[in-house]
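What follows is each chain in one-letter form.
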Amino acid sequence: MEIIPAIDLIDGKCVRLTQGDYNSKKEYHSDPLEVAKNFEQKGVRRLHLVDLDGARAKKVVNLPVLQRIANHTNLIIDFGGGVRSDEDLEKVFDAGAQQVTCGSVAVKNPALAEKWINKYGAEKLILGADVKNEMIAVSGWEENTTVEIIPFLQRYLEMGFRKVICTDISKDGLLQGPSTELYKKLIQSFPDLQLIASGGVTTADDVKKMKEIGAFGTIIGKAIYEGTLDLDEILAID
């Protein structure tokens, strides 16, 4: 199972929110590149880089940060936040992201998401499925929808997507554990799905649970910055 630290960006700085609330912003580091380098030195291979400004603005904002991290590390970067157009997608790939998460586009513009998966393939695109009460939320989680998670995933698996990052917003940033039952349900419903669990992972035991239920990967954010889990310890989990 992949251990994937997250760097969330506002004003070019490394921050975390609680349950997606921009008013809860806490800054952890002014230089995301230094954070990324530290992750790489510990043995991390992948990075989840989120442009929170972009998610809100509906266009990519923190492109220079992506470029710096891509140019100065060997991390495999999955970028999300604000990618709403062909132009933005090209910019993000050109800046060094190996993968892009499609969240809001998948809800708001399925035809564009289908065009992208046909053009770039399942290795370059990850489906973003952020949920509140099993309903999809978009635009940096500021907008709720009536789209249910199960039919949403069904549609995009049929379209060709294979990887999905699923975040239970009710758990995110609270350091109270992940939504294990939700993730288990999704993995059982879609055995071919490569589920990357996100939100609420707080301890090494949480990481082990995600591995036990068959998660392809686990994204960890606040727990690293707050020190509730040790990155060296979880990278050593068999």
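Each remark here, short or long, concerns the structure printed above.
Residues numbered from 1 in each chain as written. Predicted model: local features only at pLDDT ≥ 70, side-chain atom pairs only at ≥ 80, totals over all residues. Heavy atoms only, no water.

Peer 1: Is there a simple way to think about the overall build of the protein in this case?
Peer 2: The secondary structure content of the protein amounts to 11 helices and 12 strands. Expected size for 238 residues packed as a compact globule is a radius of gyration near 18 Å; at 16 Å, the protein falls within 12% of this value. Among the 238 residues that make up the protein, the fraction classed as buried is 56%. Excluding contacts between residues fewer than 6 apart, the proportion of contacts in the protein whose partners are at least 24 apart in sequence is 67%. Looking at the protein as shown, the accessible area adds up to about 10200 Å², and 43% of this sits on carbon and sulfur atoms. (Helix = DSSP H or I, 4+ residues; strand = E, 2+ residues; numbered from the N terminus. Rg over C-alpha atoms; globule rule 2.2 N^0.38 Å. Buried < 20%, exposed > 50% of the residue type's maximum accessible area, 1.4 Å probe, protein only. Contact = heavy atoms within 4.5 Å. Areas by Shrake-Rupley, 256 points an atom, 1.4 Å probe, with all protein chains shown as cover.)

Peer 1: Teacher, can you tell me more about the side chain of Arg46 here?
Peer 2: As for its placement among the helices and strands, Arg46 is situated in strand E4 (residues 46-51). Note on Arg46: relative accessible area 16%, which makes it buried. Within the structure, the side chain of Arg46 is placed 3.2 Å from the side chain of Glu2, a separation counted as a polar contact. Of note is the side chain of Arg46, whose polar atom sits 3.5 Å from the side chain of Gln99. If near-sequence neighbours (up to four positions away) are discounted, Arg46 is found in contact with Glu2, Ile3, Ile4, Pro5, Leu75, Ile76 and Gln99. (Polar contact = N/O pair within 3.5 Å; in protein donor to acceptor, adjacent residues only side chain to side chain.)

Peer 1: Quick question: what am I supposed to make of unusual backbone geometry here?
Peer 2: Trans is the prevailing form of peptide bonds, just as negative phi is the prevailing case for residues other than glycine. The backbone of Asp11 sits at a positive phi, close to 55 degrees, despite the residue not being glycine. If you trace the backbone, Asp11 turns up in the loop between strand E1 (2-10) and strand E2 (13-18). Here Asn133, not a glycine, exhibits a phi torsion of approximately 55 degrees, which is positive. On the accessibility criterion, Asn133 (75% relative accessible area) is exposed.

Peer 1: I keep staring at the nonpolar core and nothing clicks. Help me out?
Peer 2: Within the largest apolar cluster, 71 residues are counted, with the highest numbers of intra-cluster contacts made by Ile7 and Leu153. Looking at which element gives the most residues to this core, the answer is helix H7 (residues 149-159), with 6 residues. Once you skip the residues sitting within four places of it in the chain, Ile7 turns out to touch Cys14, Pro32, Val35, Ala36, Phe39, Leu47, His48, Leu49, Val50 and Tyr225. Formed by 7 residues, the second largest nonpolar core is a distinct cluster that contains Ile10, Val15, Tyr22 and Val50. (Core = buried A, V, L, I, M, F, W, Y, C linked by side-chain atoms within 4.5 Å.)

Peer 1: Please clarify how the layout of surface pockets should be interpreted in this entry.
Peer 2: Any empty space left between atoms is shown by rolling a water-sized probe over those atoms. In this structure, the largest pocket encloses a volume near 160 Å³. Looking at the lining of the largest pocket, the elements that each hand over two or more residues are helix H1 (32-41), helix H10 (222-226) and helix H11 (231-235). In terms of residue count, the dominant contributor to the lining of the largest pocket is H1 (3 residues). Per-class residue counts for the lining of the largest pocket are 6 nonpolar, 1 polar and 3 charged. (1 Å grid on protein atoms, 1.4 Å probe; cavity = no way out; pocket = protein on both sides within 12 Å on 5 of 7 lines; lining within 4 Å. Points joined across faces, edges and corners; volume = space filled by probe spheres on them. Nonpolar A, V, L, I, M, F, W, Y, C, P; charged D, E, K, R; others polar.)

Peer 1: Please clarify how a negative patch on the surface should be interpreted in this entry.
Peer 2: Judged by side-chain charge, Asp205, Glu212, Asp230 and Glu233 come together as a negatively charged surface patch. Locating Asp230 in the fold gives a position in the loop between H10 and H11. By relative accessible area, Asp230 is classed as partly exposed at 38%. (Patch = residues over 30% accessible without salt bridge, like charges linked within 9 Å, V, L, I, M, F, W, Y side chains within 5 Å. Salt bridge = Lys/Arg side-chain N within 4 Å of Asp/Glu carboxyl O. Lys, Arg positive; Asp, Glu negative; His and termini not counted. Charge placed at Lys NZ, Arg CZ, Asp CG, Glu CD.)

Peer 1: What exactly am I supposed to notice about the pattern of salt bridges here?
Peer 2: Two side chains of opposite charge can pair, provided their charged atoms sit close to one another. Scanning the model with the defined rule gives 13 salt bridges in all. One salt bridge connects Arg16 with Asp8, and the closest N-O pair in it is separated by 2.9 Å. Comparing Arg16 with Asp8, the two get one shared label, buried. The shortest N-O distance in the salt bridge between Glu181 and Lys184 comes to 3.5 Å. Of this pair, Glu181 and Lys184 are both found in helix H8 (residues 180-189), 3 residues apart, which corresponds to roughly one turn of the helix. Its relative accessible area of 29% is what places Lys184 among the partly exposed residues. Via salt bridges that share partners, Glu2, Arg45 and Arg46 belong to a single interconnected network.

Peer 1: What exactly am I supposed to notice about the pairing of strand E12 (residues 217-220) here?
Peer 2: Residues in a regular strand point their side chains to alternate faces of the sheet. Side chains Gly217 and Ile219 of E12 all project onto a buried face; the interleaved residues Thr218 and Ile220 project onto the opposite face, where all are buried too. For the crossover from strand E11 (residues 194-198) across helix H9 (residues 204-212) to E12, the handedness is right-handed. (Right-handed = clockwise from strand over helix to strand, strands pointing away.)

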